[in-house]
Amino acid sequence: MSEPATTQPQHAAFADGEADAYFERNHAAGVRPADQSHGVAQAIKAISLPESGRCLDLGGSAGALAATISTLLPQWSFTITDPSPTAAAAGKAAFPAFDFRVETAEALAASNHGLYDLIIVSAVFHWVDRTTLARVVANVDESLKDRGRLVIHDFDPAFPRMNSYKHRPGLHTYKQNYAAIFTSLGIYELVYTRSEDAGSSANPADPYDRRWSTVVLQKTLHDRYGRFG
């Protein structure tokens, strides 16, 4: 008998066990730093950042990507949030210098975290329920300092599209240009972009389904505005 479709919002379904299941499927061999060829690592190498600062890896699982970025930014502090308690526990064991928090993107709040100089959102936005997408965007923006950098690594199709999630009926992935949401605010400027093709379990032969991009945006609250009077 097939599993019944979920009626939960996606963040609730992931907090209710799917995040643990996702981690266990993808990290069965253990936790190790991400490869230096990862799109986010390449972006960090290409841009100029302060010698020290605070970085948030939103939805960063057990910290594999943060571990790689920390070798490029050795004097920075790193906080990793993820809805999976299993991922957080594995991350604390593998990378004890990082601050791990069991938390969904919907629960992120500057009042609990303070402000960050760098926020990485890698392969997260396409999981966000459409009913809470605007809230997550606002949470990320609220948590990033003026002049801070936002790195988005996600699917980049030619048009917005939705795929069914095979591991849990009723859940979906939502693929679109997420950087455009931030640039439309008028306070984010594109400073780096790189696109690549990657495999997709939904349809590896479909070029619209396997296109990824890594984008770096700089937040500037006032100085990008012309002053009149």
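Residues numbered from 1 in each chain as written. Predicted model: local features only at pLDDT ≥ 70, side-chain atom pairs only at ≥ 80, totals over all residues. Heavy atoms only, no water.

Draft legend 1. Inspection of the pairing of strand β1 (residues 54-58) at higher detail. Most of β1 is tucked away: four of the five residues are buried. With five bridges connecting them, β1 and strand β2 (residues 77-82) associate as parallel partners. Bridged to L58 within β2 is T81. As for the winding sense of the linkage, the β-α-β connection from β1 through helix α3 (residues 64-72) to β2 is right-handed. (Buried < 20%, exposed > 50% of the residue type's maximum accessible area, 1.4 Å probe, protein only. Helix = DSSP H or I, 4+ residues; strand = E, 2+ residues; numbered from the N terminus. Pairing = 2+ DSSP bridges. Right-handed = clockwise from strand over helix to strand, strands pointing away.)

Draft legend 2. Geometry of the nonpolar core. Membership of the largest hydrophobic core comes to 25 residues, with the highest contact counts inside it found for I119, F125, V140, L150, I152, F182 and L217. Taken together, the elements giving at least two residues each to this core come down to β1, β4 (116-122), α6 (133-143), β5 (144-155), α7 (179-183) and β9 (211-219). Here the element with the most residues in this core is α6; it accounts for four residues. I152 has contacts with V121, F125, Y178, A179, F182, S213, T214, V215 and L217, leaving out every residue within four places of it along the chain. Counting 24 residues, the second-largest nonpolar core is a separate cluster that includes A43, W76, A88 and L118. (Core = buried A, V, L, I, M, F, W, Y, C linked by side-chain atoms within 4.5 Å. Contact = heavy atoms within 4.5 Å.)

Draft legend 3. Seen up close, the packing of helix α1 (residues 10-26) against helix α4 (residues 85-94). Where α1 meets α4, the axes come as close as 7 Å, and the angle between the chain directions of the two elements is 50 degrees. It follows that α1 is oblique to α4 by the angle criterion. On the side of α1, the interface is formed by D20, F23 and E24, while α4 contributes P85, T86, A87 and A90. Of the residues in the contact of α1 with α4, the class split is four nonpolar, one polar and two charged. (Axes fitted to C-alpha atoms, helices over the stretch in contact; angles between N-to-C directions. Parallel < 35°, antiparallel > 145°, perpendicular 65-115°, else oblique. Nonpolar A, V, L, I, M, F, W, Y, C, P; charged D, E, K, R; others polar.)

Draft legend 4. Representation of the environment of Q8. Checked against the element boundaries, Q8 lands in the segment before α1. Along the primary structure Q8 and Y208 are separated by 200 residues, whereas in three dimensions their C-alpha atoms are 28 Å apart. Setting aside residues up to four positions removed in sequence, Q8 forms contacts with A13, D16 and R168. Within the structure, the side chain of Q8 is placed 3.4 Å from the side chain of D16, a separation counted as a polar contact. Separated by 3.1 Å, the side chains of Q8 and R168 make a polar contact. (Polar contact = N/O pair within 3.5 Å; in protein donor to acceptor, adjacent residues only side chain to side chain.)

Draft legend 5. Representation of the pattern of salt bridges in the model. Summed over the entire model, instances satisfying the criterion amount to nine salt bridges. Across the pair D141 and K219 runs a salt bridge, and its minimum N-O distance is 3.2 Å. Note that D141 is positioned in helix α6 and K219 in strand β9, a separation of 78 residues in sequence. Note on K219: relative accessible area 5%, which makes it buried. Through salt bridges with shared partners, one network takes in E18, R25 and R168. (Salt bridge = Lys/Arg side-chain N within 4 Å of Asp/Glu carboxyl O.)

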